[in-house]
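Here are the chains, one letter per residue:
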Amino acid sequence: MDIEAGDALVDAIKPLAKSTDRPGTMGGLGGFGALFDLKAAGFRDPILVSSTDGVGTKLRVAIEAGIHATVGVDLVAMCVNDLVVQGAEPLFFLDYFATGALDVAAAREVVAGIAEGCRIAGCALVGGETAEMPGMYAKGDYDLAGFSVGAAERGALLPRGDVGPGDVVLGLAASGVHSNGFSLVRRILERAGVGLAAPAPFAPGRSLGEALLEPTRIYVKPLLALHRAGLLKAAAHITGGGLPGNLPRVLPAGTVAALDARAWTPPPVFAWLAQTGGVAPQEMLRVFNCGIGMALVVAARDAEAAAALLAEHGEAVCRIGHLESGEGAAGVRIGNLGPAWPA
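Reading the values: rules and limits
- Residues numbered from 1 in each chain as written.
- Predicted model: local features only at pLDDT ≥ 70, side-chain atom pairs only at ≥ 80, totals over all residues.
- Heavy atoms only, no water.
- Helix = DSSP H or I, 4+ residues; strand = E, 2+ residues; numbered from the N terminus.
- Buried < 20%, exposed > 50% of the residue type's maximum accessible area, 1.4 Å probe, protein only.
- Phe/Tyr/Trp six-rings, centres within 6.5 Å; stacked < 30°, edge-to-face > 60°.
- Polar contact = N/O pair within 3.5 Å; in protein donor to acceptor, adjacent residues only side chain to side chain.
- Contact = heavy atoms within 4.5 Å.
- UniProt positions renumbered as here; feature names shortened; annotations may be inferred.
- Domains from an automatic or database assignment.
- Buried area = accessible area lost by both parts, 1.4 Å probe.
- Salt bridge = Lys/Arg side-chain N within 4 Å of Asp/Glu carboxyl O.
- Nonpolar A, V, L, I, M, F, W, Y, C, P; charged D, E, K, R; others polar.
- Core = buried A, V, L, I, M, F, W, Y, C linked by side-chain atoms within 4.5 Å.

J.: Explain unusual backbone geometry to me, and be specific about the residues and the numbers.
T.: Most of the time, phi is negative for any residue but glycine, and the peptide bond is trans. The step from Leu158 to Pro159 runs through a cis peptide bond, and the omega angle for that step is 0°. The omega torsion of the bond from Trp341 to Pro342 falls at 15°, within 30 degrees of zero and hence cis. Residue placement: Pro342 occurs in the segment after strand E12 (331–335). At His178, a position not held by glycine, the phi torsion is positive, near 60°. For His178, the location among the structural elements is in the loop between strand E7 (168–173) and helix H5 (182–192). Residue His178 is classed as buried on the basis of its relative accessible area, which comes to 2%.

J.: Let's hear about the packing of aromatic side chains: which residues, and what values?
T.: Note on aromatic pairs: each is described by the distance of the centres and the angle between the planes. Evaluated as defined, the whole model comprises 5 aromatic pairs. A centroid spacing of 5.2 Å and a plane angle of 20° characterise the contact between Phe97 and Tyr142, whose relative ring orientation is stacked. With Phe97 in strand E4 (residues 89–99) and Tyr142 in strand E6 (residues 142–153), the pair connects residues that are 45 residues apart, well separated along the chain. Of the two residues, Phe97 and Tyr142, neither departs from the other in class, the shared state being buried. Taking 5.5 Å as the distance between ring centres and 50° as the angle between the ring planes, the aromatic pair formed by Phe202 and Trp272 counts as tilted. One end of the pair, Phe202, is in the loop between H5 and helix H6 (208–212); the other, Trp272, is in helix H9 (residues 268–277), and 70 residues separate them in sequence.

J.: Go over the side chain of Arg22 with me, naming the residues and quoting the values.
T.: With respect to the secondary-structure elements, Arg22 resides in the loop between helix H1 (3–18) and strand E1 (25–26). The exposure class assigned to Arg22 is buried, which follows from its relative accessible area of 11%. Looking at Arg22, its side chain comes within polar contact range of the main-chain oxygen of Gly122, at 3.2 Å. Each residue touching Arg22, except ones within four places of it in the same chain, is listed here: Phe36, Ala41, Glu89, Pro90, Leu91, Gly122, Cys123 and Ala124.

J.: Account for the UniProt feature "domain: PurM-like C-terminal" (unreviewed entry) in the protein chain, with residues named and values stated.
T.: Within the UniProt annotation, "domain: PurM-like C-terminal" (unreviewed entry) is assigned to residues 164–328. Taken end to end, residues 164–328 has its terminal C-alpha atoms 14 Å apart, with 35% of it in helix and 19% in strand.

J.: Before we move on, can you summarise the domain arrangement of the protein chain with the specific residues and values?
T.: The extent of an interface is frequently quoted as the accessible surface area lost upon association of the parts. Here the domain parsing of the protein chain yields domain 1 (3–153) and domain 2 (167–335). The centre of domain 1, based on its C-alpha atoms, is set 25 Å off from the matching centre of domain 2. Between domain 1 and domain 2, the contact holds 30 residues from the first and 28 residues from the second. Note on domain 1 versus domain 2: buried area summed over both sides is about 2,300 Å², and carbon and sulfur give 71% of it. Among the ionic pairs, Arg228 bridges to Glu89, the shortest N-O distance being 3.1 Å. For the pair domain 1 and domain 2, the interface holds 11 residue pairs in polar contact (both at pLDDT 80 or more). Elements with a contribution of two residues or more to the side of domain 1 that touches domain 2: helix H2 (58–65), helix H3 (71–84), E4 and helix H4 (104–121). Top contributing element to the side of domain 1 that touches domain 2 by residue count: H3, with 10 residues. Looking at the side of domain 1 that touches domain 2, its residues break down into 17 nonpolar, 6 polar and 7 charged.

J.: Talk me through the pattern of salt bridges; I want residue IDs and the actual numbers.
T.: All told, the structure shown has 16 salt bridges when counted by the stated rule. Across the salt bridge formed by Asp21 and Lys18, the nearest N and O atoms sit 3.0 Å from each other. On the basis of relative accessibility, which here comes to 36%, the residue Asp21 falls in the partly exposed class. With relative accessibility at 57%, the residue Lys18 sits in the exposed group. One salt bridge in this structure joins Arg60 and Asp141, with 2.9 Å as the shortest N-O distance. Of the two residues, Arg60 sits in helix H2 while Asp141 sits in the loop between strand E5 (124–132) and E6, which places them 81 residues apart along the sequence. Accessibility expressed as a relative area gives 26% for Arg60, which makes it partly exposed. We classify Asp141 as buried; its relative accessible area is 15%.

J.: With reference to specific residues and values, describe the nonpolar core.
T.: Leu223 and Leu296 are the most contacted members of the largest nonpolar core, which has 97 residues in total. The element that contributes the greatest number of residues to this core is H3, accounting for 8 residues. Both domains that furnish three or more residues to this core are identified here as domain 1 (3–153) and domain 2 (167–335). Beyond its immediate stretch of four places on either side in the chain, Leu296 contacts Val168, Val169, Leu170, Leu172, Leu223, Leu226, Leu232, Ala234, Ala235 and Leu310.

J.: Which residues make up the side chain of His237, and what values go with them?
T.: By the secondary structure assignment, His237 is in strand E8 (residues 234–237). A relative accessible area of 5% places His237 in the buried class. A polar atom in the side chain of His237 sits 3.5 Å from the side chain of Asn81. Discounting chain neighbours no more than four positions away, the residues touching His237 are Ala77, Met78, Asn81, Asp82, Val85, Asn246, Gly293 and Met294.

Here it is in structure tokens:
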């Protein structure tokens, strides 16, 4: 183990962590634990909400492409997007970085991305762990895990109890593949004999590696604004399992989300993956977000106001469906899936 390298990394990331300070943070890096003052953050009767996640095999793409600056944003996004859909404001974040032999420059790039994600989400990077474990990882390899804690006032948690038939489903655009489905992405590249340095057919001027590593969009501030305006009934972060697997998680039994695949245009990366890999539309929807990073449920009377507020916060919004009565467990029905979709 290189103790000097570890000390050098701590020194390099202290200003990055400091740049994420927010009301409620106490102290800085270097203690045995991190402190946070909920009253200073403005909460009166809070419920804590926690989340942990990783980046999956998108890390393999980052390592092989030698691009380390964006996976930290992904790491934060995968955690805080899961918090905000429960009505919680992300408060602080911790990371775990493990490697065989510490590369200070690469690790600092990763942590810089984590700090950027925290700034976008409005949460503080309060600590973490850097583990150097010789023999556990191949040269140049590393792994990441993230942990975030948020809070919501009691009674303000999502989903609300009035979700039901007649409500409208809005979709917020994804920035790309986000951080799910990369095992299939890599398999498609392997079978097609295409390397990460090759030009991306769907993103002129960028390599495949650069285009595929477009970071996961962080939706925290727009969703909190919508929630605080009283317009948001429920929200689903569209990750592994896609729309069919995630939207039912926030719907009551006896409810079906009837979606229209023509209501949005998936980014061209998805058409390229489907065509290159010969992946059927149903499987694309099950593995990838297919262009919808968040699905929101609002009352029909509030749909226009909600879309306008989200647009003011920089989101690309489309009306992708509505809720209907059904039987049994909540579900999703997606219409107009032609054989060439998502092209």
